[in-house]
Amino acid sequence: MRHRFKRTTLSVAAAQALVVWAAPAIAQTAAAPAADKKESQQLETVVVSGRRAALASAQKIKQESDEIVDSVNAEDIGKLPDRSVTEVLQRMVGVAMDRTQARSDPVHYSVEGSGVVIRGLTYVAAQLNGRETFSANQGRNLGFEDVPPELMGGVDVYKNPSAEQIEGAIAGLVNLRTALPFDYGGFKASGNLAMTYTQLNGKRSPQGSFLVSNTWQTDLGKFGALIDVAHSKSKLRTDTTTVDPYYPTTTTTNSVTTVNPDHRWYSRDLAWREQDYDRTRNGVYAALQWRKDNVESALTFFRSKFRSAMSEYAVKAEVDPYTINITDAEWGDNGLLRKGTLNSTTGGIEMENNARLSQRDSRTDDLSWNVRWRATPAWTLTADAQLVKSKTQSFDSNVATGIQLPKQTVDFTGSMPRIVYDAADIAFLDKPSNYYWATTMEALDHGKAQQKALRLDARYQFQDHPFLNDLRFGLRIADRDAQTYKAMPYYNWAAVTKAWETGWYIPDTARVTNYSVPTVVKSFNKFMGGKTTVPTMLFPDASVVQGFPNSYVQLHDLVKPLCDGMPGGSTCGWQGSNVNPYSWAPASYGDPSGVNDQHERTTAAFAQLRFAFDDLPMPVDGNVGLRVVNTKDRANGYTVIDQDAVPPGAGGVVVHPVKVDKVAGRFDQSFTDYLPSLNLRLKAQPDLQFRFALAKGLSRPSTGDMQATSKLKQSVQIEQNTGNVKSVSASGTSDGNPMLKPIKSTQADVTGEWYFSKTGAITVAAFDKELKDIIINQTYTTRLTAIDGTPVDFVVTGPTNGAKGHARGVEFAFRRYFDMLPGWLSGLGVEMNWTYVDSKLKRYNGVQTSFCSAGAGQDNLNLYVNGCDTDGSSFGGMPLPNLSRNTLNFTLMYDQGPLSARVAYSWRQRYLQGVALNSDNTGPNQQNALDTNPASPTYGKHTLPLGLPLWGDSYGQLDVGMQYKFGNGLTVSLDALNLTNATSRQLMQQNIGTFVHNYFTSGRQYKLGMSYTF
């Protein structure tokens, strides 16, 4: 009995032949053999178009695939259903979007998103046409925000790996698909133009793409060429209102501060920020294709260029919370301040007006060549070569003016907190002589990465075997080099003149009216969409922010004349003195501790057997395979070694001194992983099937986590009475760990799938991912050899494979058009999906104490694991970060004749973003938590680091879109995004409750577009 050719990850092309002319929806994985012509012809008998065509082809991929996969296909050439790949992914079952600019910086909101989690996990791998691709910014994946969606024909998300797939995905594999010339069968051209209007800032952003493809039949074979170019800009604005952490009211007696018995809590500040985001994304995709007889070849080139420029005006307080007095206070039943007037015993509430420019330029090029030879009816040989090059460069500049407000009146009683300014406050803020130059901070980095990969595959098709379909096996070798360079010090903060310096380091602040450095009056128009108002204030001019380093030198030179007013020998400025004059130096390249140099070679071999027991009462098919991958890592870096001096002749504990040095080092490791997989499908009925999948997977650490830079110190404690050595300790911190191993998982999936129509299905899935060697911040041992030859073990804090855990859950998806309804109502349809995930994280070495400890470094494990509240108490029981228990998507669709429309709602439940993140005064950059531990030697001091858990609050967004197709190939579309003008919120967890920390408003967007295909 002849058996159908079953589709796998690398052969989904045939299913997409359902869409006869919408060929961008066709998956072309370079290393994949094409489907049999007979089957392709069978599939082509179904003719559909528009959104239904995209849904039908995506559903067919899911139904016919060997693996568990969900897909989204382009509705038309260059038209995925959303404006970014990230937004496309969020509508798929099991996928949620990060609405932050980076997971390490959750206080900066991103309208288009910056990444995704799949089934609650961040261990996501990205591929382009079945090949690995990446960005140079210390990551392993190509940032989805970098990818022009106009170049994509579709996106697939594979939930459970198979042996044939490139390893690296635990949460899921995201495969981005483009088209090849033969997909169109002849000449095809299409152009798209669109304009987006952002309501909050009143700005317009253009987008456009153009594709042309043709094929030619010659005596030398069939030739094809395709080129697709895309350009888009996005000009967005996000307004933010920030509530600082709540501190307890206290009393200080004899330098000991204690919490008042009334248990009242207040926030020292209400801050605000306006962020303007200007993104330019350009892409080029080109393909050449040739086929003659049984040989076929394709050469493709993909380029993605991404430039982002964020300008920001942010106002925040820099005031000691223990100097705050509150008058006219109204307290809530829970002890929290509802409204009142804040003032400080230091002479005013110091506010910083920060003007910032953050730019990043990235480019990724992917050149790939694929050759496929059908040597005999049974044997097919495939060779695939790939070269990926990526580079990135970043510049971040922040300059601030300062002002000491006599008071600040706050009101937390409404739906959004606000600051109330009276006439005297406004007059004070409008006076330029009240402002002074406060701070500067810069950060610069650049990086590059390159990968060469070669893949050789073979497929043997069994001829008329009762149950074996084919045997696939292959070899893949990939070499990757990545270097990142940071100007050091990284984020080089420096005071120009601060109010707290007066009387200590400087006689007075550098008033802006006394110098020629330009400033600008900034008005916050329609702030938070008009929901609240904030005053006009004086900021550094953009030329000062952009003028680094010369403008920075000019600002810091303002301090030098102030030194003339200080007594002889006293300290002058934030650094320096009269004897050693004040000096400032910009961050610069050349420090080896700012270099991350990585090399990796992976050699993988796989074998996969595909089978089908079609003669059973309920046919069973699937595949079983094994992938064996050897990884060789090399990291070049530096170890900075320091040693406390030992007094001559000191006795006591023996010290084996190490050499004080900055040592270049090379770290090598090699290991082999065995990754078996099994995928089964049982067809209970032609339209009802069940799947079972079992596999082992891995996810490699980022190159940033593997940086080989560490700082080690041998500390010696001397007894004061005897002068002998009391104790010796050897410890250190590391920016990374070059000996990290991949995170590993054993994962199982069970699904049920009922396909009751070409565009209708109900699917359910249950999954379990058992994780081990999760990368966390923990201690590990590094051994050095002392000067006398004795080995010395240093306990180093840094990333390590230090935990295990699980992610378990269920998925449900439903889609159908109501074709049974009469007339125009038959165009109505609905699509919905829901995902529930439960997680647990258990460290191999647990860290839990009731109270916080001093020190804001990475060696304070309790701080970074369990956090620290403003009263010095700790937290515990934190879940896996970035995991929402529930996510939901609901779409109401209409597709009838030339008219298509949708109303789409996406919702994500709240999730932990991180603990002790250095952002917005909730992290260790604030060392003012009160030590309330009676057993602590620093009891009553407010010098502990802060480390609040930050959560992304539950958020839902409603988007609406419609398009009309004219008979001549012209399509006009209109989209409204965030139609309800939803406000996103970030929460801060404290032991007295969880409160809103940040309110984000980005407003609505409207997009008008047109496309023409011929």
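Since the structure is predicted, the reported quantities are computational estimates derived from the model, not experimental observations. For every chain, the first residue of the written sequence is number 1, and numbering continues from 1 along that sequence. Local features in this predicted model are restricted to residues of pLDDT 70 or higher, and side-chain atom pairs are both shown and tallied only at a pLDDT of 80 or more, whereas totals for entire chains, interfaces and linings draw on every residue. Remark: hydrogens and water are excluded; side-chain values derive from all non-hydrogen atoms of the structure.

1. A short note on the pattern of salt bridges
Right, on to step 1. The term salt bridge refers to a side-chain nitrogen of Lys or Arg lying within 4 Å of a carboxyl oxygen of Asp or Glu. Scanning the model with the defined rule gives 58 salt bridges in all.
Right, on to step 2. Note that glutamate 64 is salt-bridged to lysine 60, the shortest N-O span being 3.8 Å. One end of the pair is glutamate 64 and the other is lysine 60, both in helix H2 (residues 50-64) and four residues apart, which spans about a single turn.
Right, on to step 3. Its salt-bridge partner being lysine 159, residue aspartate 70 comes within 2.9 Å of it at the nearest N-O pair. Of the two residues, aspartate 70 sits in strand E1 (residues 69-73) while lysine 159 sits in the loop between strand E8 (154-158) and strand E9 (172-177), which places them 89 residues apart along the sequence. A run of H or I in DSSP counts as a helix once it spans at least four residues, and a run of E counts as a strand once it spans at least two, with each numbered from the N terminus.

2. Thoughts on the confidence of the model for the protein
Right, on to step 1. Per-residue confidence from the prediction method is given by pLDDT, with values spanning 0 to 100. For the protein, per-residue confidence averages 89 on the pLDDT scale, and 93% of positions sit at 70 or higher.
Right, on to step 2. When mean pLDDT is taken per element in the protein, strand E29 (residues 537-540) scores highest with 98 and helix H1 (residues 37-43) scores lowest with 33.
Right, on to step 3. We call two residues contacting when some pair of their heavy atoms lies within 4.5 Å. pLDDT under 50 marks residues 576-580. Its contacts with residues more than four places away, or in other chains, come to 15 contacts.

3. Here we look at the side chain of serine 874
Right, on to step 1. By the secondary structure assignment, serine 874 is in the loop between helix H8 (861-866) and strand E40 (886-896).
Right, on to step 2. Ignoring sequence-local partners within four residues, the contact set of serine 874 consists of Gln848, Thr849, Ser850, Phe851, Cys852, Asn862, Asn866, Gly867 and Asn991.

4. Focus on the side chain of histidine 806
Right, on to step 1. With respect to the secondary-structure elements, histidine 806 resides in strand E38 (residues 791-817).
Right, on to step 2. When sequence neighbours within four positions are dropped, the list of residues in contact with histidine 806 reads Asp768, Lys769, Glu770, Leu771, Asp838, Ser839, Lys840 and Leu880.

5. A word on the nonpolar core
Right, on to step 1. Counting residues in each nonpolar core, the largest one holds 79 residues, and the members touching the most others are Tyr246, Trp272, Trp437, Phe524, Met537 and Leu555.
Right, on to step 2. Those residues in contact with phenylalanine 524, other than ones at most four positions away along the chain, are Trp272, Glu274, Tyr313, Val315, Val534, Pro535 and Phe539.
Right, on to step 3. Throughout, nonpolar core names a set of buried Ala, Val, Leu, Ile, Met, Phe, Trp, Tyr and Cys residues whose side chains join them through atoms within 4.5 Å. When a residue's accessible area, from a 1.4 Å probe over protein chains only, is under 20% of the maximum for its type it is buried; when over 50% it is exposed; and in between it is partly exposed. One finds Val124, Ala171, Leu211 and Val837 within the second-largest nonpolar core, a separate group that totals 49 residues.

6. Section: the state of the cysteines
Among covalent bonds in proteins, the disulfide is the one between the sulfur atoms of two cysteines.
Right, on to step 1. Two cysteine sulfur atoms form a disulfide, by the criterion used here, when they sit within 2.5 Å. Using the criterion set out here, one finds one disulfide in the structure.
Right, on to step 2. Covalent S-S linkage joins cysteine 852 and cysteine 868, the inter-sulfur distance amounting to 2.2 Å. As the torsion about the S-S bond is roughly 120°, the cysteine 852-cysteine 868 disulfide counts as right-handed. Pair noted here: cysteine 852 is in the loop between strand E39 (828-843) and H8 and cysteine 868 is in the loop between H8 and E40, with a separation of 16 residues, a long-range link.

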